[in-house]
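Listed below are the residues making up each chain.
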Amino acid sequence: MAINNYDRQSFGRKVNEVVSPSHPVLSLEHLKGREQQLKRIQQALFATGRNVFIYGERGVGKSSLAATAANDWCGEHGCYIDISCAPDTTVLSMIATIATQAISKSRLKRKKIKNTLQLGYKWFSFKRESEIENINFNNEIKNLSDGIETLKELSEFFDDALVVVVDEVDRISDVEEIEKFADFLKQLGDKRVEVKFIFTGIAHTLDEILGSHRSAIRQLETIELKKLSWDARWEIAIGALKAFGIDIHRDIYVRIALISDGYPYYVHLIIEKLLWILFERPGQVSKVEWDDYHLAIEHAIDTTSAELSRPYEKAINQRSQDYEEVVWATIVAEDNIGVYTKNMYEQYLGIMKQCGDKEVLDLKKFSARIRNLLKDDYGPILFNGLKKGQYVYKEKMLRGYVRLRAEQQNIELVISAKEIDDLKNKTQAAARSDKAYFSHPPQRGYRR
Ligand SMILES: Nc1ncnc2c1ncn2[C@@H]1O[C@H](COP(=O)(O)OP(=O)(O)OP(=O)(O)O)[C@@H](O)[C@H]1O
Ligand SMILES: [Mg+2]
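About the criteria used
Residues numbered from 1 in each chain as written. Chains lettered and ligands numbered in written order. Predicted model: local features only at pLDDT ≥ 70, side-chain atom pairs only at ≥ 80, totals over all residues. Heavy atoms only, no water. Helix = DSSP H or I, 4+ residues; strand = E, 2+ residues; numbered from the N terminus. Expected span 1.5 Å × (residues − 1). Buried < 20%, exposed > 50% of the residue type's maximum accessible area, 1.4 Å probe, protein only. Arc of directions from axis to C-beta. Contact = heavy atoms within 4.5 Å. Near = heavy atom within 4 Å. Polar contact = N/O pair within 3.5 Å; in protein donor to acceptor, adjacent residues only side chain to side chain. Nonpolar A, V, L, I, M, F, W, Y, C, P; charged D, E, K, R; others polar. Phe/Tyr/Trp six-rings, centres within 6.5 Å; stacked < 30°, edge-to-face > 60°. Lys NZ or Arg CZ within 6 Å of the ring centre and 35° of its normal.

**Q** How should helix α2 (residues 35-46) be read in this particular structure?
**A** Side chains that are three or four residues apart share a direction in an α-helix, a result of its 3.6 residues per turn. The first and last C-alpha atoms of α2 sit 17 Å apart over 12 residues, in line with the 16 Å expected at 1.5 Å per residue. Those residues of α2 lying buried are Q37, L38, I41, A44 and L45. The buried residues of α2 occupy an angular sector of 125° when projected down its axis, which confines them to one face. Residues of α2 that are exposed and angled more than 90 degrees away from the buried face: Q36, Q43 and F46. In this structure, the buried residues of α2 make contact with β1 (51-56), α3 (62-74), β4 (195-201) and β5 (220-225).

As structure tokens, then:
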């Protein structure tokens, strides 16, 4: 249906279906650019004793991949359990939560529990249905072998392997507890328990698990998630607009892909704003104009979660009004590769050329400001890199917000040589044109 034909209610609902800035993607249809990783997860789910650990930077799409893979695996059987870790989560409390959730699955209750009366189960054999529902697993599971036994019994109630997503293992504060996951995984394999685990977390957590039990490596399919590829970024945009019959010019969707810096959250956010702008625009709407795009950037900045925008605000709201350009210059600190002040200063000089007659800081003053960006009162935006004198982004996802703010003020920030190469390949393939996007930046004067 064309965008003009929606009433506000049904439009809002449809927008929420096609973009999801505030929650993970749950379906294959909306998960873009993760086909290879999905295949690997699926193969691991078939293999007895193998479990999955998805790791990567914050916001890169770990929960979305885990949830989509689990949903896809379970189909309509509904055998998928989702657990979010908290600082006080332990291996045993996790198993207790799984057991409680599994019991509450209606299929389990209705079909199977009666049959268990004859079987020699430790937990379920002698209990009536109502008693089983009331088992307090937190009290019952006293050690790892109790836990493994419980999972083994539970798994037998399900026709397919029961899949459990354990999200954000890195939130567990006790390192010793994280290390216990290695033992847990080992025993799952040794006892041939048909419960499959998909964990998500940051690389650091994985090291803690693997470091404590080398043979756990065989039990884990480890999947590193990198930033979303160019084409996956714009597929989110094109797909969502297409659902309303709206076209978008290549230059605009590539621009959105660029601003996102590979973090899908920003693509979802900008497109959500764009859709509402188009909905409000009078007359027949069939394509996105540059004005719509620039307005969407403004609105996206207003809605960006405070958690992301706060470090930026802290950094630029200083007595001297020259920090924002310095923050923009930090964008050359790519991923985990540290960058030296002199590289950022080169970028800074390029930025200042776009800033009219604003006073340019000399290298000494610039360096002092960069060092300040390590402090809490100034974000922090940066972190010390591995080598002395090098800097990296503290929160990688902030890079997208930095790009949004620069875009709002019509400042062109660099992208890395590797990203440019990737983009060249992708735009040529997608548009069958030898003119890569970046030779056509949006013209000045398009802005409101
Ligand atoms: N492959 C994808 N295709 C489309 N959208 C995605 C994809 N992956 C993630 N998203 C979207 O990106 C945002 C962040 O995704 P998600 O919550 O899965 O990331 P995360 O790595 O788990 O983040 P966090 O570290 O904060 O938990 C969400 O808005 C989600 O809808
Ligand atoms: Mg997550």
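**Q** Got a minute to help me understand the site of ligand 1 in this structure?
**A** As a matter of local geometry, ligand 1 sits amid 23 residues, with S20, H23, S63, S64 and H268 nearest to it. One of the backbone N or O atoms of S20 is found 2.5 Å from an oxygen atom in ligand 1. Separating an oxygen atom of ligand 1 from a side-chain N or O atom of S64 is a distance of 2.6 Å. Within the residue set of the shell around ligand 1, elements represented by two or more residues are α3 and α14 (264-280). For the shell around ligand 1, a count of residues per class yields nine nonpolar, eight polar and six charged.

**Q** How should I be thinking about the packing of aromatic side chains in this particular structure?
**A** Tallied over the entire structure, the rule returns 21 aromatic pairs. With a centroid separation of 5.6 Å and an interplanar angle of 10°, the aromatic rings of F197 and F199 are classed as stacked. Comparing F197 with F199, the two get one shared label, buried. Measuring from centroid to centroid gives 5.6 Å for W276 and F279, while their planes differ by 90°, and the two rings are edge-to-face. With a gap of three residues between them, W276 and F279 both fall in helix α14, about one helical turn apart. W276 gets classed as partly exposed once you look at its relative accessible area, which sits at 26%. Residue classification places F279 among the buried residues on the basis of a relative accessible area of 17%. Each member of the aromatic cluster is reached from another via a ring pair, and the members are Y6, F11, F244, W276 and F279. The side chain of R233 reaches across the aromatic face of W230, ending 4.4 Å from its centre. Here R399 stacks its cationic end above the ring of Y393, 5.4 Å away from the centre of that ring.

Geometric values such as these leave the question of function open.
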